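Residues per chain are reported as follows:
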There are 2 protein chains.
Amino acid sequence: MITRAEILDIKSLATKQGREELGAFIAEGEKLVGEIRNSSLRIRRILQTKPIFADGELISEKEMERISQLKTANAVLAVVELPKHKLALANPAKNLVLALDRIQNPGNLGTIIRLADWFGISDIVCSEDTADCFNPKVVQATMGAILRVRVHYTNLAEWLSAQGDAKVYGTFLEGENIYNAQLEKSGVIVMGNEGQGISDEVAECVSHKLLIPPYPADRCGSESLNVAVATAVICSEFRRR
Amino acid sequence: MITRAEILDIKSLATKQGREELGAFIAEGEKLVGEIRNSSLRIRRILQTKPIFADGELISEKEMERISQLKTANAVLAVVELPKHKLALANPAKNLVLALDRIQNPGNLGTIIRLADWFGISDIVCSEDTADCFNPKVVQATMGAILRVRVHYTNLAEWLSAQGDAKVYGTFLEGENIYNAQLEKSGVIVMGNEGQGISDEVAECVSHKLLIPPYPADRCGSESLNVAVATAVICSEFRRR
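For the structure given in this document, a descriptive report is provided here. (Residues numbered from 1 in each chain as written. Chains lettered and ligands numbered in written order. Predicted model: local features only at pLDDT ≥ 70, side-chain atom pairs only at ≥ 80, totals over all residues. Heavy atoms only, no water.)

### Let's talk about the sheet that holds strand 5 (residues 96-101) of chain A
Residue and element names in this part refer to chain A.
Then, number 1: The 6 strands lie next to each other as 7-6-5-9-8-10, forming an open sheet whose pairing is parallel. Each edge of the sheet is formed by a strand with only one pairing partner; in this case those strands are strand 7 (150-154) and strand 10 (208-211). Taken pair by pair, the neighbouring strands of this sheet meet at an average axis angle of 35°, ignoring direction.
Then, number 2: Both strand 8 (residues 168-177) and strand 9 (residues 187-192) contribute to a ladder of 3 bridges, which runs parallel. (Pairing = 2+ DSSP bridges. Helix = DSSP H or I, 4+ residues; strand = E, 2+ residues; numbered from the N terminus. Axes fitted to C-alpha atoms, helices over the stretch in contact; angles between N-to-C directions.)

Set out below in structure tokens:
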């Protein structure tokens, strides 16, 4: 049983404003909710249409359809407290850190969080106008990686400027072929907006310009790669060495 | 001006059945339609809400909204004849060919076609139950690459079996670390379904099992990469050598 007011509260978590007001986000699906129960995140309540979790409350399928953000509602939905991560944990002097400049598409952001997890990158620092990582579409696309990767939001140019001697890598058409470039074990990899790339302000902070060369290098085909795909190729190159 | 019957015909091109019946697909946006005009594809008609192309017909914004498959309709939509590509052009004895086994998500398929174009792969051979490459969502996600990459549909296991000595690569959890593996300049790279991976029947045709190792190699984090992301990392490794 769930009240009308509770349904409205949960539905409001689909928006960033709602999540900030209530300090929570939603996660759907037995696998993801199971992973959250085994993580350090705090679950406020679990709603389910079948008795799956001992601490879950049974609701009807109609009620689930009303609160679900998926096209086809799942049997479980959890309301989870928004975690707070200290930005200081992102330390490009010691580790590889991803920085996202105005990534807009929730699917791209989710895919990037998932691949960061695969390539052992624990921190992603985003510009304030990057899509919100607790958007339900992003949470689903991360396939659970949102529980392991810390995503921070800040003024990206200011944060980069404050990173001292840390190397800051970014991809540009005039960059050095990444396959031949010297890549360190720590530093920041900056990825830019889907249409416009890295903003001028952030580009000024990039110390090492890289390029993923097309094949063959002189062909005239696609002008760019999808940003999640480009991030993957770059992270793979860093980790291969 | 566009008749009601014509609107219904164009709307039917959103489905595979409609496209097969009318032998056409739709492409939206000034950039993409401009590229198609400069390609070898045959355009049946161009509909536009502003005078953009000399050979385009003016329609109202309301009419455009009715025929568009985009959330926000663009100013131009073209009805284009489905190209027919000879499967024999996909020759893994001479070139690198991608093979897709039951890829379901249109966004993933579009992203894969786009990155194949970037990495100079001209042919993609798909299992018959892979998403259709002329689905409007796929066409948009390819960002024009659909004009340069030939996508074929066939019985994948049969086609692979008929490729003689060509190397057939696929990713498996028990595969060899791709960064250390010997990779040839030609052959087939098989990528499997988003949830289930490569089917048993197709797996039997794989001669070289590869693995993109997580970092560090023994970490327990995400269990897999998105299929478009994994395809990109593999193609990048092949082309880097």
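Having put the structure on the table, let's press on.
### Overview of the packing of helix 9 (residues 227-240) of chain A against helix 9 (residues 227-240) of chain B
Then, number 1: Two numbers describe how helix 9 of chain A lies on helix 9 of chain B: the axes approach to 9 Å, and their chain directions differ by 55°. When the axis of helix 9 of chain A is compared with that of helix 9 of chain B, the two are oblique. For the crossing formed where helix 9 of chain A meets helix 9 of chain B, the hand is right-handed. The residues of helix 9 of chain B that touch helix 9 of chain A, namely those facing Ala228, Val229, Ala232, Val233, Ser236, Glu237 and Arg240 of chain A, are Ala228, Val229, Ala232, Val233, Ser236, Glu237 and Arg240 of chain B.
Then, number 2: Among the residues making up the contact of helix 9 of chain A with helix 9 of chain B, the classes are represented as 8 nonpolar, 2 polar and 4 charged. (Parallel < 35°, antiparallel > 145°, perpendicular 65-115°, else oblique. Left-handed = near helix turned anticlockwise from the far one by under 90°. Contact = heavy atoms within 4.5 Å. Nonpolar A, V, L, I, M, F, W, Y, C, P; charged D, E, K, R; others polar.)

### Regarding the interface of chain A and chain B
Interface size is commonly expressed as the accessible area that is lost once the parts come together.
Then, number 1: Of the residues lining the interface, 31 residues belong to chain A; the matching set on chain B comes to 31 residues.
Then, number 2: Buried area between chain A and chain B, both sides added, is near 3,200 Å², and the carbon and sulfur share of it is 57%.
Then, number 3: Taken as a group, Arg114, Trp118 and Tyr215 of chain A account for 25% of the area that chain A buries against chain B, more than any other trio of residues on that side.
Then, number 4: Between chain A and chain B we count 2 salt bridges in total. (Buried area = accessible area lost by both parts, 1.4 Å probe. Salt bridge = Lys/Arg side-chain N within 4 Å of Asp/Glu carboxyl O.)

### So, the packing of aromatic side chains
Then, number 1: Counting across every chain of the model gives 4 aromatic pairs over all chains.
Then, number 2: An angle of 80° between the planes, with centres 4.8 Å apart, marks the rings of Tyr169 of chain A and Phe238 of chain A as edge-to-face. In this pair, Tyr169 of chain A sits in strand 8 while Phe238 of chain A sits in helix 9, placing the two residues 69 residues apart along the sequence. Summarising the burial analysis for this pair, Tyr169 of chain A and Phe238 of chain A share the class buried.
Then, number 3: Ring geometry for Phe25 of chain B and Phe134 of chain B: centres 4.5 Å apart, planes at 40°, overall tilted. Of this pair, Phe25 of chain B sits in strand 1 (residues 24-28) while Phe134 of chain B sits in the loop between strand 6 (123-127) and helix 6 (136-141), placing them 109 residues apart in sequence.
Then, number 4: Taking the relative accessible area as the measure of exposure, Phe25 of chain B reaches 0% and is therefore buried.
Then, number 5: Of the residues examined, Phe134 of chain B reaches a relative accessible area of 9% and is grouped as buried. (Phe/Tyr/Trp six-rings, centres within 6.5 Å; stacked < 30°, edge-to-face > 60°. Buried < 20%, exposed > 50% of the residue type's maximum accessible area, 1.4 Å probe, protein only.)

### Here's the deal with the nonpolar core
Then, number 1: Of all hydrophobic cores here, the largest spans 110 residues; its most connected members are Ile113 and Ile212 of chain A together with Ile113 and Ile212 of chain B.
Then, number 2: Once residues lying within four places of it in the same chain are set aside, the contact partners of Ile212 of chain A are Ile178, Tyr179, Leu225, Ala230, Val233 and Ile234 of chain A together with Trp118 and Phe119 of chain B. (Core = buried A, V, L, I, M, F, W, Y, C linked by side-chain atoms within 4.5 Å.)

So yeah, pure geometry; function would need other evidence.
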